[in-house]
Amino acid sequence: MPAAPVLPSSLTLGSVTVDTPVVLAPMAGITNAAYRRLCAEQGAGLYVCEMITSRGLVERDEHTLDMLVFDELETTRSVQLYGTDPVYVGKAAEILCGEFGVAHIDLNFGCPVPKVTRKGGGGALPWKRGLLGQILEAAVAAATPYDVPVTMKTRKGIDDDHLTYLDAGRIAQETGVAAIALHGRTVAQAYSGQADWDAIGALVEHVDIPVLGNGDIWEAADALRMVEQTGVAGVVVGRGCLGRPWLFRDLAAAFAGEQVATLPTLGEVSAMMRRHAELLCQHMGEERGCKEFRKHVSWYLKGFAAGGHMRRSLALVETLASLEALLVELDPDEAFPVAELGSPRGRQGSPRDRVVLPEGWLDDADGAGSHVREDASETTGG
């Protein structure tokens, strides 16, 4: 186990410096421009766009282009790219750098969703070491002329019998990747159980490039524990910030050496909900913005005493005016439910008996030159 390091105060990814060593994990349907702006208003960090597909971008798929929206105050444009074909990934990286002014590209090799792994993508792909290397090489070659760093995110492996993370780290380093993020779970675990921080620490010891740790960071104190336990250069936060964008304020304070835990009253949470909805409506229009906001209601109100009728009404809201009328009915002085601190948020699910893979996928651990057909419409993050 690495000795407890000095806490990092910033994170350097090639040409990009992040003032706080914290990255918002891309989450499908969550980390749109409005949510990234909301989190950035709370604290410094790197806020990554929802995952897009390389084929969708290259073929100018309308839905893919709709997702490539940035807030006017988004100074560092960061995008997570999904791909299984080196040619498509390289072309997509070129488009992101040349046409969209992206300053950082992250490649997704961690998604555990069956419709992705079934095609050899996401968390299944690192099993093909040769193919992984070709994809990373193509992305780095396309981004290098623009001085744009490429990072990758992965999991421990397909399951406990097919671990890939140490090889993935070595290949990332060899191909010029600026950093690797490791979610301390296998694909088979999905989001269940506990994240294996020891594996994250082992990867830190194994490579010379920065390692970012992901998994079970529910409070700022968890991030500090992960850094102290594993020696990571920074942390990636996903489900922990659902309904709690102020977590980034706590993280910024914690890495600055200040012990701060935000415990907002229900009135302060209501103000955050209102701000979130406003930003969604600014970016998407009121009708779609309100629909997008609905999914966040249960996360914001988790643990609070708001009744079922109120929750149902908020989850059906259609206009900002109707949202405002409902929020004023909440008790602004209700204290934050401290029992919720440190508890998992978002999806958890159950471990899978087997991971759905292409036929014969495990027979060849190289896969260089193989052609895994990309799905232009695949937009699931992991």
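Residues numbered from 1 in each chain as written. Predicted model: local features only at pLDDT ≥ 70, side-chain atom pairs only at ≥ 80, totals over all residues. Heavy atoms only, no water.

Some words on the overall build of the protein
Right, so step 1: Each helix and strand in the protein was counted, giving 15 helices and ten strands.
Right, so step 2: On C-alpha atoms alone, the protein measures out to a radius of gyration of 20 Å, which is about the 21 Å that the 2.2 N^0.38 rule sets for 382 residues.
Right, so step 3: Along the first, second and third principal axes, the C-alpha set of the protein runs to 60 × 50 × 40 Å.
Right, so step 4: Looking at the 382 residues of the protein, the share that counts as buried comes to 58%. (Helix = DSSP H or I, 4+ residues; strand = E, 2+ residues; numbered from the N terminus. Rg over C-alpha atoms; globule rule 2.2 N^0.38 Å. Buried < 20%, exposed > 50% of the residue type's maximum accessible area, 1.4 Å probe, protein only.)

Some thoughts on the sheet that holds strand E9 (residues 211-214)
Right, so step 1: Spatially, E3-E4-E5-E6-E7-E8-E9-E10 is the arrangement adopted by the eight strands of the closed barrel, whose pairing is parallel. Pairwise comparison of adjacent strand axes, ignoring direction, gives a mean angle of 30° for this sheet.
Right, so step 2: Bridge count between strand E5 (residues 78-82) and strand E6 (residues 104-109): four bridges; the pairing is parallel. Looking at the pairing, Val79 lines up with Ile105 of E6.
Right, so step 3: Relative to strand E7 (residues 150-155), helix H7 (residues 165-174) is tilted by about 175°, and along the sheet it contacts E7 and strand E8 (179-183).
Right, so step 4: Of the strands in this sheet, strand E3 (22-24), strand E4 (46-53) and strand E10 (234-237) are in contact with helix H10 (residues 247-255), which crosses E3 at around 165°. (Pairing = 2+ DSSP bridges. Axes fitted to C-alpha atoms, helices over the stretch in contact; angles between N-to-C directions. Contact = heavy atoms within 4.5 Å.)

Some details on the side chain of Arg129
Right, so step 1: Secondary-structure assignment places Arg129 in helix H6 (residues 129-143).
Right, so step 2: A distance of 2.9 Å separates a polar atom in the side chain of Arg129 from the backbone oxygen of Trp127. (Polar contact = N/O pair within 3.5 Å; in protein donor to acceptor, adjacent residues only side chain to side chain.)

Re the packing of aromatic side chains
Right, so step 1: If you walk through the whole model with that rule in mind, you get four aromatic pairs.
Right, so step 2: Centre to centre, the rings of Tyr47 and Phe248 are 5.2 Å apart; their planes meet at 70°, and the pair counts as edge-to-face. Note that Tyr47 is positioned in strand E4 and Phe248 in helix H10, a separation of 201 residues in sequence. Here Tyr47 and Phe248 have matching classes, each one buried.
Right, so step 3: Among the aromatic side chains, those forming a connected cluster through ring pairs are Trp246, Phe304 and Phe336.
Right, so step 4: In this structure, Lys128 is placed above the aromatic ring of Trp361, and the distance from its NZ or CZ to the ring centre is 4.5 Å.
Right, so step 5: Above the face of the Tyr191 ring, Arg155 is positioned so that its terminal group lies 5.1 Å from the ring centre. (Phe/Tyr/Trp six-rings, centres within 6.5 Å; stacked < 30°, edge-to-face > 60°. Lys NZ or Arg CZ within 6 Å of the ring centre and 35° of its normal.)

Some thoughts on a negative patch on the surface
Right, so step 1: Where like charges cluster on the molecular surface, the negative patch consists of Glu359, Asp363, Asp364 and Asp366.
Right, so step 2: For Asp366, the position within the fold is in the segment after helix H15 (320-327).
Right, so step 3: Classification of Asp366 by relative accessible area gives partly exposed; the value is 38%. (Patch = residues over 30% accessible without salt bridge, like charges linked within 9 Å, V, L, I, M, F, W, Y side chains within 5 Å. Areas by Shrake-Rupley, 256 points an atom, 1.4 Å probe, with all protein chains shown as cover. Salt bridge = Lys/Arg side-chain N within 4 Å of Asp/Glu carboxyl O. Lys, Arg positive; Asp, Glu negative; His and termini not counted. Charge placed at Lys NZ, Arg CZ, Asp CG, Glu CD.)

Observations concerning H10
For the α-helix, the turn length of 3.6 residues means that residues three or four positions removed from each other point alike.
Right, so step 1: The element H10 is largely enclosed, with a buried count of seven among its nine residues.
Right, so step 2: For H10, the set of buried residues is Leu247, Phe248, Asp250, Leu251, Ala253, Ala254 and Phe255.
Right, so step 3: Contact partners of the buried residues in H10: E3, helix H1 (33-40), E4, helix H9 (220-230) and E10.
Right, so step 4: Positioned one or two residues after H10, Gly257 has a phi angle of 90°, which is positive.

Some words on the environment of Ile171
Right, so step 1: You can see Ile171 is positioned in helix H7.
Right, so step 2: Contact partners of Ile171, with chain neighbours within four places excluded, come to Arg129, Leu132, Gly133 and Leu136.

Examining the pattern of salt bridges
Right, so step 1: Counting across every chain of the model gives 18 salt bridges.
Right, so step 2: In this structure, the salt-bridge partner of Glu99 is Arg60, at a minimum N-O distance of 2.9 Å. With Glu99 in helix H4 (residues 86-100) and Arg60 in the loop between helix H2 (54-58) and helix H3 (62-67), the pair connects residues that are 39 residues apart, well separated along the chain.
Right, so step 3: Classification of Arg60 by relative accessible area gives partly exposed; the value is 39%.
Right, so step 4: Of the charged contacts in the structure, one is a salt bridge between Arg185 and Asp216, with a shortest N-O distance of 2.7 Å. Taken together, the positions of Arg185 in the loop between E8 and helix H8 (197-206) and Asp216 in the loop between E9 and H9 put the pair 31 residues apart, joining distant regions of the chain.
Right, so step 5: Taking relative accessible area as the criterion, Arg185 reaches 1% and is therefore assigned buried.
Right, so step 6: Residue Asp216 is classed as buried on the basis of its relative accessible area of 15%.
Right, so step 7: Here the salt bridges do not stand alone but share partners, grouping Arg37, Glu41, Asp71, Arg275 and Glu278 into one network.

Interpretation note: all reported values are geometric properties and have no functional meaning in isolation.
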